[in-house]
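# Geometric and topological summary
These are the residues of each chain, in order.
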Amino acid sequence: MTAKRRGGLGLGLVAWLAGIVFFLPIAWMALTSFHSETDAATNPPSFAAALTLDGYRDFFGANGGASPWPALINSAMASVLSTVFVLLLALPAAYALSIRPVKKWTDVLFFFLSTKMLPAVAGLLPLYLFAKNTGLLDNIWLLVILYTSMNLPIAVWMMQSFLAEVPVAIIEAARVDGAPLPMILARVVAPIALPGIAATSLICFIFSWNELLFARVLTGVVAETAPVFLTSFITSQGLFLAKVCAASLVISLPVLAAGFAAQDKLVQGLSLGAVK
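In short, a report on the structure. (Residues numbered from 1 in each chain as written. Predicted model: local features only at pLDDT ≥ 70, side-chain atom pairs only at ≥ 80, totals over all residues. Heavy atoms only, no water.)

So, about the packing of aromatic side chains. Inspection of the entire model under this criterion finds seven aromatic pairs. Ring geometry for F59 against F60: centres 4.9 Å apart, planes inclined by 80°, an arrangement best described as edge-to-face. Take F60: its relative accessible area is 35%, and that puts it in the partly exposed class. Aromatic rings pair up to connect F59, F60, W69, F229 and F233 into one cluster. (Phe/Tyr/Trp six-rings, centres within 6.5 Å; stacked < 30°, edge-to-face > 60°. Buried < 20%, exposed > 50% of the residue type's maximum accessible area, 1.4 Å probe, protein only.)

Counting across every chain of the model gives one salt bridge. With a closest N to O distance of 2.8 Å, R57 and D54 form a salt bridge. Placement of both R57 and D54 in helix α3 (residues 54-59) is noted, with a separation of three residues, approximately one turn of the helix. Look at R57 and you get partly exposed, because its relative accessible area is 39%. Among the residues examined, D54 registers a relative accessible area of 37% and is labelled partly exposed. (Salt bridge = Lys/Arg side-chain N within 4 Å of Asp/Glu carboxyl O. Helix = DSSP H or I, 4+ residues; strand = E, 2+ residues; numbered from the N terminus.)

Considering the arrangement of structural elements, one finds K132 in helix α6 (residues 124-134). For K132, a relative accessible area of 52% puts it in the exposed group. On a C-alpha basis, the gap between K132 and M159 in space is 34 Å, while along the polypeptide they are 27 residues apart.

With 26 residues, the main nonpolar core has Y95, I99, M159, L163, I171, I184 and V189 as its most contacted residues. Of all the secondary structure elements, the ones that give two or more residues to this core are α4 (69-98), α7 (140-163), α8 (168-176), α9 (181-192) and α10 (194-210). Apart from the residues lying within four places of it in its own chain, the contact partners of I171 are Y95, I99, V166, I184, V188 and V189. W209, F229, V244 and V255 belong to the second-largest nonpolar core, a separate cluster that totals 19 residues. (Core = buried A, V, L, I, M, F, W, Y, C linked by side-chain atoms within 4.5 Å. Contact = heavy atoms within 4.5 Å.)

In this section: unusual backbone geometry. With glycine set apart, most residues show a phi of negative sign, and most peptide bonds adopt trans. For D138, which is not glycine, the phi torsion reads 60° and is therefore positive. Tracing the backbone through its elements, the reader meets D138 in the loop between α6 and α7.

Laid out in structure tokens, this is it:
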């Protein structure tokens with residue numbers, strides 16, 4: 001028992017050290033965001049520098065700059081809508097690949113996953129030409145469709161693993177009672193697979209919220225997202241480190257809040273897929 005206890009304490013200490021190491025960059029970014037631009041640019045950095053909210057004032061446009069709210073709203077709209085569309089499409093597809101599997105369903109899953117192997121920059125020019133010819137440049141709905149197609153393969157792959165854990169007897173009982181497929185998916189499968197759905201939706205939301213490459217090329221002013229707005233603070237002249245840290249912290253808050261709110265479902269969902 002003593003050896004096991006020591007081993008457990010050792011693993012716990014390693015876990016705490018790893019957590020601290022991963023948390024240090026975030027803590028450093030938060031501390032730098034409360035420094036003035038002059039103090040933030042010093043090398044080595046000054047821990048005892050005076051704290052100020054100038055970086056946050058600049059981010060929110062208090063000193064005559066652009067307001068971040070349109071970009072934040074665009075990011076929220078693109079991320080939330082694309083996540084909803086992904087779930088609506090991934091749930092029936094995962095149902096067909098797990099509970100009622102089609103022939104060679106493993107090949108279908110591999111095909112879904114293989115679509116993520118194409119470098120994103122390889123599809124950038126065709127998408128730009130398509131958006132230009134169809135009048136969808138600087139349109140938030142183009143990002144919604146694009147993020148939906150980008151996250152759908154990962155969502156189907158994850159959901160298939162989660163739905164494979166749903167007892168088939170419950171679904172058969174619902175069919176015997178005359179429940180149609182949409183009702184089975186909404187009232188039987190979805191509540192049982194809720195942890196997996198939460199994990200999938202959170203990952204899709206994070207991927208959409210953090211996406212920069214396509215948003216930077218395909219948007220301008222109207223559909224500008226938060227990551228694109230963040231890049232506007234980086235200039236070749238002047239000091240901008242504190243402002244960038246403040247903007248990065250504010251833009252990261254929705255993802256951190258969503259992860260904290262769904263942490264129990266996220267852990268259950270990821271553990272469910274791992275156990276399988």
